[in-house]
Structure formats: C-alpha cells, structure tokens
Amino acid sequence: MRKFIYLCSHLCVQVPLLPIAVLTVIPLAVCPSWRPWGAADIPVLGNPGVGQWIVIIVVAYTIIDTVRGMIDDLRHGRVGVDLLAVVAIAATVAVQEYWASWAVVLMISSGEAIEEYAQSKAESSLTALMTAAPQTAHVVRWPGVGVAGVNTGDGSSDDRCDGFRKVAALPSSTASGSSDAATSHYDTVAVESVTPGDVLIVLPGETVPVDGELLSGSATLDLSNINGEPVPRGVFAGARVMSGAVNGSTTLTMRATEAASDSQYQRILALVAAAQDSRPAVVKTADVLAVPFTVLALAIAAVAWLVSGVPTRFAQVLVLATPCPLLIAAPVAYVAGTGRLAKSGILIKTQDVLENLGRVTHVFFDKTGTLTVKQPQVTRVEMLPGAGTHLNEDHVLMMAGVVETYSVHILAKGIAKAGTEALSRLHRRFEEGQRLCPQPDADWPGHGRDYPVVKHIDEDAGKGISGEVNGHKVRVGRLSFAASGEDGFLPVERIVPGRATTDGDRRPGKQGEGRLADEIRTRFGMLAPDEMASYVSVDGHLIARIVLRDVPRANAKSALASLRGLGVAKLSMLTGDKRSSAAIIASEVGIDDVHAELFPEDKVTAVTTATMTPSRGVTMMVGDGVNDAPVLAAADIGMAMTDGTSTAASESAQVVILNDDIAAVPRAIAIARRTKRVMLQAVLAGLALALIGMVAAAFNLIPVVVGAFLQEAIDVVSILWALTALLDRD
C-alpha cells in the first residue's frame, strides 16, 4: 500500500495535470449548469455553467501545453503528432460534450502518467546502474601521504634541499595508536575532485569511487555491479581496484590511478547514457508513420461528419484516434529490451544496435580468450618412465603450482590453478586417512600442512622458475632448464632400453644437450599440435612434464549450438594461431569455417569481405583483446567480451559483455529478436484496435464519452504489451 501511494504521488508530481483532471469531475458532476450570472450566450460555447466553465479552462490549459510540446518536438527534429488530441478536445467543447471534454483531458494526463510509469519500469535495470554510481570519496590527509603534500598550491613546494618532503608531526591521538586513526584524517569530497595519486579510504560497505591500486594488505570486493560476478573477490596489495566495486567488512586504503571520468564504472555509465539517449531507426520510422495515421483519422472523421450531417460524429471519431502505439509503445519496448540486456550483463552503445542484433546472420569469433579460456590449462601430468620417484601426479602439480604462483610466464596461471586443485585433493586424501607419503620423508608436501613452505624463488626469464618447497628443490620450465643442475649444465645420460644411467659429467656442449633432450622427449611421447609442456624436476631429478593446451570454454559448444538454433546461418573462427591448433578447437566447439595464421589486418579483410557481400545480412565479430579492436570496428556489430575490468576491446565495440560469458552472445540476439517482436505486436494491435474503434464511431456505434475511455484502454493495452519485453521468455 505504501509503495502504491508513493507511486501515485510520484506520478502526480511528474504529471501535475493528472490530479487537476481528476478533481475537475467534482464541479462537473455537482454544478454543471449552475449559472449565477444569468443568461449570457457566447458564440460556439453557448452559456456554460460553473462546472462546465471549469472544464473549458482545463481544456484551454491542456491545449496550450500540448501545442507548446509539439513546437518543442519540431525544434528537436521530431514530428509533433499530438494534433489529433488537440483537435479532438477542441471538437468536444465545440459540440458542448463537456463530459467527453473532461474524459479526453483525463485521457491525455493519464496517458502521460502511464508513459512515465512505463519508461521508468523499462529503464529500471539501467536506473539501478546509475543510482549505484559513487558520488563521494574519502581523501586521506595523513602527513606526507598523497599528492596533496607535494605542492602547496601557491607555487611553493614542500620539498627540502635534501630531496625529502617535509612531513608534519602526527597528532597526539594518532601517535598514541588511537583506534580511530585510520578513519579520522580524511576529507570527504565529491568524486569529481579526486585526482590520480590521491590516497583514499573506502569504508566497509561503501562503493569504490575511482580506479586505483590497493595499498592495504588485502580486501574483499563485491564486483556484481560491474560484471555480475556473484561471489566477492579477494584481492591483495598492489591489485587493481575498480570503481563501482563494493568494499567488504574492513576498511581499505587505495591510491587513485584514474580520475572519476576515466574510471571503469563511469565508462559503463557512459555506455548506458548513450543507449538511453539514442533512438533506433524503427522508432524514428514509427514517428514518421504517425503523420499518415493522423491524416487518415482526420479523413475518417470528416467523412463521418459530411455523410451524417452531425458535427458530434467528428468528435466521436477523433477521441478514438490514438497514435500512442506508435509514439509510446515502440520506444518503451526498445528501452525495456535495453534494460533486459543490461540486467544480463550486456551493454549496447545505441538502440540501433538492438535492432541490428536481431538480424545477425554471420558471426565471427576470435579463438584465444573468446572461444577458449584466457590462459592455457593443464590437461594431464606425465611421469617420466623409469624416474623411480615416489611422487604421484598431484604431488608434481602441487609443487610446480606453488612455485609458478610467483611467475609471470603465460603458462604460470594455468599450472598454479591446477596446483591449487591438487593441493585440495592431497588434503582431502590426508583427512581420509591415506598415508602414502614416502618414508622417511614424511614431510613431503600436501600431507598435513595447510600450505607448503616456499623459499628461494628465482625466475630465469624465458627458461623457467626454481625454488624450495618444504625443503625440496623444484625446477619448472623448459626441458633444458628443469633437467639441468645448479651449475646450469645438463647431465649427459645414455638411454639403455628399460634403464637410464648417468656418467656424472656436466657438459655444456649443445650437441649433447640436444641429443639428451630428444631422448627424454621420446621417453615421454610426442605432444599433439595444440599442446605445450613444462618440465618438472625435484631435488635434481627430472620426474615429470605438465601438459597444457588451449581449452574451449565449458559452454562454448552449447552457446554456438544456440546460435544455430536461432537461425544464424554461418559461424567462423578468426585466429593468428597455427592451422592445426585452430582446427582442433574448431572441431570441439562445432565451427566449420576456420581462418588461421592471420595477422590483425587479415582478420579485418576477412570480416570486411563478408560485410560487403550482397545479400549478406548482418555480420558480427566477437573478440576480447586489444588486437581485436580493428576487426570489431570492421563488422556491422562488434561485440567485446570482458570481465568488466578491461576496456581495450570495448572501445571499438557496439556491444560489451561484462561477465565474460560466451553464452551472452546467443542471449543478446534472442533478447533483441523478442524485443522487436513485442514492439511490432504492441504497435500493430494498438493501431488495429484504434482503426476498428474509429470506423465504429463513424457509424455512431460508440458514444463520444465511451470512445474517450475506450481510447485510453487501447493505449494501456498497447503500452503494457510493450512492457512484456522485460519478461524473460526467450
């Protein structure tokens, strides 16, 4: 009930004519013909009573306000088609049908209220994004912290001659270790006032105001506003912190790296604002079609008057002539569709994109990071035959994983992820009572320890990384790196069938190293064309290799199948990878058209050729990286897949997926098609009902007062039908 009262009061504020029209019914019903001034005949109007005069005044105000709105529309390049309403309301007064005049005024005001409600309902998802935008920031004023202490603002500098900045003494409360020290020395300012370099405090539950770098040791952030990620993400010192993220239960300190206008959440809001302000071509066409509809309505009304000879017939027809299905239902449906996309983590830059999405017939996909996961993933661990180790695959993965956690190599994240999973399996087996650790080395990693002790990490760029894990020396990387000793040389081994011997020599000769590497690879077996490997040695003994490959996203195949189910005729892959590797991924996800070994300009050529082909339909390119920007711009529609934290590819894209989910591609097309279908249904149903009503009124089947209310019912049906674009039925 409270929500209903709030809605009514809000609509009355937005449409002040509505309460006036409602209250006008009282004098019209109580004293319509009361004339305290006696007889005073006025041309056209006659001698109205008090209640009727009040209706005439309200009608005059409505006409003036409507005409002013029509002129404003014309100034902004839009066709003002409220002429029907003006003529209809004037006609009802001229034929002295005051109840019909009141009904038309009520129709106009309630129509504006319904439009206001429909627009706010359709924009609800977009509005939620807007209202969540951070407005203020807490800038730290600790002595010597932030950019504020660098320059005083009057041209003088705080730098001393010894190169250090002058630092004021800490207040006594801070120096004594007050519990409020962390939060008692900041200024709350408008987010626009934050400059890069400022140190900020974000209190528990507050929204991060700008992009920055985390200074606190750790923090927990809710990124659901940015990319729809349902589980809060833990980040650590030095990590990127994005505006729009909601802080967890502890205060965090960060350094701003971007101004508010250049931060991530503000970029998202810019996309939303652009989509809201745009008008798709189909809505512009609806505006234009409203003009011939107006002419048709006036023609039917004029013919009805001339044939019948009754002036009231003219008003009867016009009160039923409503262009609202064209003027309101069409844009409401498209705004609702845009809101549904936003709710699904899909943003569009203009509403024209929504219309084109529904006509896509050819989709190009980048391979790496789009069809596949962003980093190569571990597929298996191969133990070296004859190595004579007590370790199993999980031990190898865990030890390599904890070492690779400190590496920046492209394969490191995949191995680190697999290592974390292996550590969990080892813990689970230990808790279940399994004690298979080799004796007397009962401290082998993974048994009884929460996390291995890691020391002496050293990375040799391009070769590998080494370190100590629970006291055992581990080397991970290229074969030559993993198999070599601490002096960097490989032991020269002779491979005897079923047995390996080592002569103890350390020889730097390239020929010996190459022969040994070939022999070891032969013992492991050949890799597939799309596979790569990191080799692992423990305590100077090569024991295993970890095989990785580009792995398709778990839902890539089903997403592409959904696209085919939607009638997308052709799916293509564009990649700079080797043809053999590309063919394997393509066969796994279900793509037949593969373009491999391409440079960025070759990708642009492939998409441009398809775009320029006659009778081609609409082409769309889906990518995720910086190198995809040119080809995204070349397609009819560029769709960037991001996790909400990057904007490189999205700068050139018309559609941005914020949750890094390939299933959003067919979902976007399905929403676009349903939006257009609902829009056409709402418009055609509304216009058909209006035409039937006008013809019936022309034959005097619908009284003028009934017609006014019937017209309002047609508008309501049309607009509510357009709002069904919000429903998740695709």
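Residues numbered from 1 in each chain as written. Predicted model: local features only at pLDDT ≥ 70, side-chain atom pairs only at ≥ 80, totals over all residues. Heavy atoms only, no water.

A.B. asks: I'd like a description of the overall build of the protein chain, backed by residues and values.
C.D. replies: Helix and strand content of the protein chain: 24 helices and 24 strands. The proportion of buried residues among the 730 residues of the protein chain is 47%. By sequence separation, contacts in the protein chain at least 24 residues apart represent 68% of the contacts at least 6 residues apart. Accessible surface computed for the protein chain: about 34000 Å², of which carbon and sulfur atoms make up 59%. (Helix = DSSP H or I, 4+ residues; strand = E, 2+ residues; numbered from the N terminus. Buried < 20%, exposed > 50% of the residue type's maximum accessible area, 1.4 Å probe, protein only. Contact = heavy atoms within 4.5 Å. Areas by Shrake-Rupley, 256 points an atom, 1.4 Å probe, with all protein chains shown as cover.)

A.B. asks: Report on the sheet that holds strand S6 (residues 233-236), specifying residues and quantitative values.
C.D. replies: Reading across the sheet, the three strands line up as S6-S5-S8 and stay open at both edges, with antiparallel pairing between neighbours. Across the chains shown, the open sheet's two edge strands, defined by having one partner strand only, are S6 and strand S8 (246-247). Relative to S8, strand S5 (residues 218-222) runs antiparallel, the two being bridged by two bridges. Counterpart to Asp-222 in the pairing with S8 is Val-246. (Pairing = 2+ DSSP bridges.)

A.B. asks: Any chance you could break down the nonpolar core for me, citing the residues and the numbers?
C.D. replies: Among the nonpolar cores identified, the biggest contains 100 residues, and Leu-357, Phe-365, Ile-591, Met-620, Met-639, Ile-662 and Val-665 are the most heavily contacted of them. Counting residues per element, this core draws most heavily on helix H23 (residues 664-698), at 15 residues. Setting aside residues no more than four positions away along its own chain, Leu-357 makes contact with Met-620, Ile-637, Met-639, Val-655, Ala-668, Ile-669 and Ala-672. If you look at the next biggest cluster of nonpolar residues, it comprises 25 residues, including Leu-397, Leu-411, Val-536 and Val-538. (Core = buried A, V, L, I, M, F, W, Y, C linked by side-chain atoms within 4.5 Å.)

A.B. asks: How would you summarise a nonpolar patch on the surface if you had to cite specific residues and measurements?
C.D. replies: There is a patch of nonpolar side chains on the surface, built from Leu-23, Ile-26 and Val-30 and spanning about 320 Å² of accessible area. Looking at where Leu-23 falls in the secondary structure, it is placed in helix H2 (residues 17-30). (Patch = residues over 30% accessible without salt bridge, like charges linked within 9 Å, V, L, I, M, F, W, Y side chains within 5 Å. Salt bridge = Lys/Arg side-chain N within 4 Å of Asp/Glu carboxyl O.)

A.B. asks: Describe the pairing of strand S22 (residues 618-623), with residues and values.
C.D. replies: With six of its six residues buried, S22 lies for the most part within the structure. Residues Val-618, Met-620 and Val-622 line one face of S22 and the alternating positions Thr-619, Met-621 and Gly-623 line the opposite face, and both faces are buried. Strand direction decides the pairing type here: S22 and strand S23 (residues 637-641), joined by four bridges, are parallel. Looking at the pairing, Gly-623 lines up with Ala-640 of S23.

A.B. asks: Before we move on, can you summarise the packing of aromatic side chains with the specific residues and values?
C.D. replies: Per the counting criterion, the structure on display carries three aromatic pairs. Pairing Trp-99 with Trp-102 gives two aromatic rings, centres 5.8 Å apart and planes at 85 degrees, and the pair type is edge-to-face. On the criterion of helical spacing, the pair formed by Trp-99 and Trp-102 is a turn pair, its members being three residues apart in helix H5 (residues 98-122). Judged by relative accessible area, Trp-99 falls into the partly exposed class, the value being 37%. Summarising the aromatic geometry, the rings of Trp-305 and Phe-314 are spaced 5.6 Å apart at their centres and angled 55 degrees between planes, so their arrangement reads as tilted. Look at Trp-305 and you get partly exposed, because its relative accessible area is 38%. In this structure an aromatic cluster arises from ring pairing among Trp-99, Trp-102 and Phe-709. In this structure, Arg-475 is placed above the aromatic ring of Phe-481, and the distance from its NZ or CZ to the ring centre is 4.1 Å. (Phe/Tyr/Trp six-rings, centres within 6.5 Å; stacked < 30°, edge-to-face > 60°. Lys NZ or Arg CZ within 6 Å of the ring centre and 35° of its normal.)

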